[in-house]
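# Observations on chain architecture
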Amino acid sequence: MISNSFCPLPFKHLNLKSAGKVSACCMDVDFYSNDRNKSLEEIWNSKEVNDLRDSLLNGEQPDRCKKCWDFESSGASSLRIRELANTDKQELYQIVNFYKEHKKLSIENLAFLEIRFDTICNLACKMCGAHSSHKWAHAVKKDESLYNEMKLYGAADKIDLTTGRGSVSDEMLDEIVRLSPNIKRLWISGGEPMYSPKHYDFLTRLLPEADHITIFYATNLTMLDYKGNDLLDIWKKFKRIELRASIDGHTPELYQYVRTTGNLKDVEKNILRLKRYPNITLNSNVTVSILNILYLPEILEYFHQFDFNRFQPAIVQYPRPMNCQLLPKSIKEQITEKWNAFENKHRSDPAYTTDIIEGSKIINFMNSKDLFDTEWVLFQNYITSMDNHFNSNVLDILPEFKPYW
């Protein structure tokens, strides 16, 4: 039997962050190692990894996993729950039993990796920051007010601002290529991976093992080529490509405000191109924040014109000022009422089943805490610093906030 807090990821997965750190997963608020000279094999059976494995096997809830515990306590889904549902139970029990007996695992069990090559990105999204976008890094380097706001929430002090991009080491990428005969899944994120030179080079090196590798992407889907090289020519050689397209607005105005400098029409053109390839699956994503939860029903109805495979939302917990739990009670009531109307409208339509399930979890998360009285001012200060930098105004996009400004 496994414990109620058990997560399969530390037994099959590593997350390679852009600043050279290696962690348990994308939700991990800590890291195993930031030593660029350590190999993945050394990290895989290190004390830090084994301590986390033991803690989860013992039914504990480690602080480093607090993002998942927060989601689950609010009734929302978590990465831990999704991975448990998608993991082969027989294979998992074999791995866990081996670990219990030997207190180590073969590097061959590392079948799933997430890679952030660097922080190179073509956008400066409002819910992001200097830790994940070199455009934000350059912005905070020039704007002291913006830097001070982001630093309060850990979004400006985790990278080298002289470069704005902390790359995964070439040695680690070499090691992944050597391990590729055993790799089943890769999750590639950024920055924006399609904008990264390391991404394209890495894919070409994986081609000898491409027929058994599935690659998942978190992408803004604004581009499908790299310096004139069409990524679709490479992707068609892999077992499967699954793209989670982050589209955070149903109108060009809302989309461009949330994903600064982004163009919704470019994304729509790329969606149509991807539909031609049978090994490519396209999923929709809303990065749900304080900036777009008001229009969640409209965004979901907008998605249905493209016939996405499934809806895979992401809820912004951090940076804290972008968390939808900060909203005023009256606006939360308005959002909840609108959501209930959406649910009643589409309840009998099977095409909306996943939307309703996942969307309801988002609404529950929003309503699970009331942070307006103590933390609304955090949002005001944070977004004002961004608006000043980009010469924009949140109240032009979200006039519903005016009574609370």
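Quick summary incoming for the structure in this document. Values in this document were obtained by computation on a predicted structure and should not be read as measured data.

## Here's the deal with the overall build of the protein chain
Counting its regular elements, the protein chain contains 17 helices and 13 strands. The C-alpha extent of the protein chain, read off along each of the three principal axes, is 60 × 50 × 45 Å. Across the 405 residues of the protein chain, 57% fall into the buried class. When contacts within the protein chain are restricted to residue pairs at least 6 apart in sequence, those whose partners lie at least 24 apart make up 77%. Only carbon and sulfur atoms are counted for the fraction: they give 47% of the accessible area of the protein chain, which is about 17,600 Å². The distance from the centre of the 51 positive side-chain charges to the centre of the 55 negative ones in the protein chain is 2 Å.

## Overview of the layout of surface pockets
There is about 210 Å³ of room inside the second largest pocket. H304, F308, N309, A351 and D355 are, among the 13 residues lining the second largest pocket, the residues nearest its centre. Broken down by element, the residue count for the lining of the second largest pocket peaks at three residues, all from helix α15 (residues 353–367). Residue classes in the lining of the second largest pocket are distributed as five nonpolar, five polar and three charged.

## Some remarks on the pattern of salt bridges
Enumeration according to the criterion identifies 21 salt bridges in this entry. The partner of K184 in a salt bridge is E91, with the nearest N and O atoms 3.4 Å apart. Here K184, found in the loop between α8 (170–179) and β5 (185–189), pairs with E91, found in helix α5 (residues 89–102); they are 93 residues apart in sequence, far enough to count as distant. Its relative accessible area of 44% is what places K184 among the partly exposed residues. In this structure, E375 engages R320 in a salt bridge whose closest nitrogen and oxygen atoms are separated by 2.8 Å. In this pair, E375 sits in helix α16 (residues 372–390) while R320 sits in the loop between β13 (314–315) and α14 (329–346), placing the two residues 55 residues apart along the sequence. Among the charged side chains, a salt-bridge network with shared partners connects K12, E83 and R185.

## Focus: empty space enclosed by the protein
If you roll a probe as big as a water molecule over the atoms, it shows you where there is empty space left. Within this structure, the stated rule accounts for one cavity of 30 Å³ or more. Size it by volume and the largest cavity reaches roughly 150 Å³. In terms of lining residues, the largest cavity is bounded by 17 residues, among which C7, A24, C25, C65 and C68 are the most central. Among the elements of the structure, α2 (47–57), α3 (66–73) and α4 (79–86) are those that each provide at least two residues to the lining of the largest cavity.

## Comments concerning the environment of V29
Here V29 shows up in the loop between β2 (22–23) and α1 (40–44). The partly exposed category is assigned to V29, whose relative accessible area is 40%. Sequence separation between V29 and P62 is 33 residues, and the spatial gap between their C-alpha atoms is 10 Å. The residues contacting V29, other than those within four sequence positions of it, are D63, R64, K66 and K67.

## Some remarks on the pairing of strand β1 (residues 13–16)
Judged by which residues are buried, β1 turns out to be covered on both faces: H13 and N15 on one side and L14 and L16 on the other are all buried. For β1 and strand β3 (residues 112–116), the ladder comprises four bridges, and the chain directions are parallel. Note on β3: the bridge partner recorded for L14 is L113. Across two bridges, the pairing between β1 and β2 is antiparallel. Counted as the bridge partner of L16 is V22 from β2.

## A word on helix α12 (residues 264–274)
Along α12, the residues classified as buried are L264, V267, E268, N270, I271 and L274. For α12, the angular spread of the buried residues around the axis is 165 degrees, confining them to a single face. Within α12, the exposed residues directed more than 90 degrees away from the buried face are K269 and L272. The inward-facing, buried residues of α12 abut α10 (231–235), β9 (240–246), α11 (252–258), β11 (280–285) and α13 (296–303).

Conventions and cut-offs
- All chains use their own residue numbering, which begins from 1 and follows the written sequence.
- Given that the model is predicted, a residue must reach a pLDDT of at least 70 before its local features are reported, and side-chain atom pairs must reach 80 or more before they are shown or counted; all residues, however, enter totals for whole chains, interfaces and linings.
- Side-chain calculation: all heavy atoms of the structure are included, whereas hydrogens and water are not.
- Numbering of helices and strands runs from the N terminus, with a helix taken as a DSSP run of H or I at least four residues long and a strand as a DSSP run of E at least two residues long.
- Throughout this description, buried means an accessible area under 20% of the type-specific maximum (1.4 Å probe, protein chains only), exposed means over 50%, and partly exposed covers the range between.
- Between two residues, a contact is recorded if the distance between any of their heavy atoms is within 4.5 Å.
- The accessible surface values rely on the Shrake-Rupley method and a 1.4 Å probe; as for residues, cover is taken only from the protein chains in view.
- We treat Lys and Arg as the positive residues and Asp and Glu as the negative residues; His and chain ends play no part in the count.
- Charge placement uses NZ in Lys and CZ in Arg. For Asp and Glu, CG and CD serve respectively.
- Grid points spaced at 1 Å over the protein atoms alone were grouped into cavities, where a 1.4 Å probe fits but cannot get out, and pockets, open sets with protein on both sides within 12 Å along at least five of seven lines, with lining residues defined by an atom within 4 Å of a point.
- Grid points are joined across faces, edges and corners, and a volume is the space filled by probe spheres set on the points.
- Asp, Glu, Lys and Arg are counted as charged, while Ala, Val, Leu, Ile, Met, Phe, Trp, Tyr, Cys and Pro are counted as nonpolar; the rest, among them Gly, fall into the polar class.
- When a carboxyl oxygen of Asp or Glu is within 4 Å of a side-chain nitrogen of Lys or Arg, the pair counts as a salt bridge.
- Strand pairing is assigned whenever DSSP detects at least two bridges linking the two strands.
- This arc is built from the directions going out from the helix axis to the C-beta atoms.

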